[in-house]
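# Commentary on secondary and tertiary structure
Here is how the chains run, residue by residue.
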Amino acid sequence: MQMQDKLTDKQLSDEQSREIAETIREELARRRISRQALAEQAKLSLSTLEKVLGGRRPFTLATTVRLEQALGVSLRKSAVVMTPPAANDVAPDSLGSYSHRAVTWLEDVYITLRPSFGDKDAIFAYRTEIVWEPKVSSLVFREGDRTDAAYEHTGEVAVPHQSGFIYLVIIKHGQHRVITVSRPTVAGEMYGIISTLRAGSGSQLTPVAAPIAYVPLRNVPQPSLGRVGPGDANHALYGRHLRRTVEESFAVFLSV
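Presented here is an overview of the structure given in this document. (Residues numbered from 1 in each chain as written. Predicted model: local features only at pLDDT ≥ 70, side-chain atom pairs only at ≥ 80, totals over all residues. Heavy atoms only, no water.)

This brings us to the pairing of strand 6 (residues 175-181). Regular strands show a simple pattern: their side chains alternate between the two faces of the sheet. For strand 5 (residues 166-172) and strand 6, the ladder comprises seven bridges, and the chain directions are antiparallel. Within the sheet, the bridge partner assigned to Leu168 lies in strand 6 and is Ile179. In this sheet, strand 7 (residues 190-199) lies alongside strand 6 in antiparallel orientation, the contact comprising four bridges. Residue pairing in the sheet places Val181 in a bridge with Gly192 of strand 7. (Pairing = 2+ DSSP bridges. Helix = DSSP H or I, 4+ residues; strand = E, 2+ residues; numbered from the N terminus.)

Dropping the structure here:
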């Protein structure tokens, strides 16, 4: 026990501490969460977090592990050598080479929201589940409860370390649909852009991009699914989520 306590209390080097502090600040900015919220999730005092982020105290291994668990990412690069996960527990390089353990915080059931392509006042809502699929060694997403069931999709989830964004990708018969969202906020919500094709009259298809939001199912007490119009009890809530995508600059739409 004493040996384990000494290991977890081990102080990291100044260089390692600077790298970890920089990574944490980037994650806080990307997810738009406060230091107080992170400290509570990691079960640390705000004072301790402020000191290590400000360079007034070096990180210990125990503090680093708590922060990694709270953020769901590895903070240690040159700091501590970790035992590599089994080969079937790592996603392919094309999806970001993430391990299952590193992305468990993404596994959830979400209410997916985007503007209705056929009714400017309505919001299209359906269920999306993100789970680890051992057969392909990656996260996958599965859509359900769509009123247009023929367009329900299952696809791959890419989580590259470089950009800090999450990509939900469908490639079917050469056609691509890409959804790019932020990492989850402290409440687990993800915001971004969907780029797809809109069905028009007859066989006409038109490229379209729109804001999209993924809200954990647990955050909506009585969710409405399908085409949600202004008369629905959840319409105002869903609208706030979609507006947040643009108002808080999770995504930017440029005009000509």
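Next comes the rest of the description.
Now for the environment of Ala158. Within the fold, Ala158 resides in strand 4 (residues 154-158). What makes Ala158 buried here is its relative accessible area of 10%. Here the alpha-carbon distance between Ala158 and Tyr98, two residues 60 residues apart in the chain, equals 8.6 Å. With near-sequence residues (within four places) excluded, Ala158 lies in contact with Leu95, Tyr98, Phe165, Ile166 and Tyr167. (Buried < 20%, exposed > 50% of the residue type's maximum accessible area, 1.4 Å probe, protein only. Contact = heavy atoms within 4.5 Å.)

Those residues of helix 3 (residues 35-42) that fall on the buried side of the exposure criterion are Ala37, Leu38, Ala39 and Ala42. A positive backbone phi angle near 60° is found at Lys43, which sits one or two residues after helix 3.

Within the secondary structure, Thr196 sits in strand 7. Exposure remark for Thr196: the relative accessible area of 16% places this residue in the buried category. With near-sequence residues (within four places) excluded, Thr196 lies in contact with Phe117, Arg177, Thr206, Pro207 and Val208.

Here the focus is the packing of aromatic side chains. Under the counting rule described, the total for this entry stands at four aromatic pairs. Both rings, one in Tyr110 and one in Tyr214, keep their centres 6.1 Å apart while their planes meet at 90°; by these two values the pair is edge-to-face. Separated by 104 residues along the polypeptide, Tyr110 in strand 1 (residues 108-115) and Tyr214 in strand 8 (residues 205-216) bring together distant segments of the chain. An identical accessibility class is assigned to Tyr110 and Tyr214; each is buried. Measuring from centroid to centroid gives 4.9 Å for Tyr191 and Phe250, while their planes differ by 35°, and the two rings are tilted. Within this pair, whereas Tyr191 is found in strand 7, its partner Phe250 is found in the segment after helix 6 (235-247), the two being separated by 59 residues in sequence. Overall, Tyr191 belongs to the buried group, its relative accessible area being 0%. (Phe/Tyr/Trp six-rings, centres within 6.5 Å; stacked < 30°, edge-to-face > 60°.)

Don't take any of this as a statement about function, it's just geometry.
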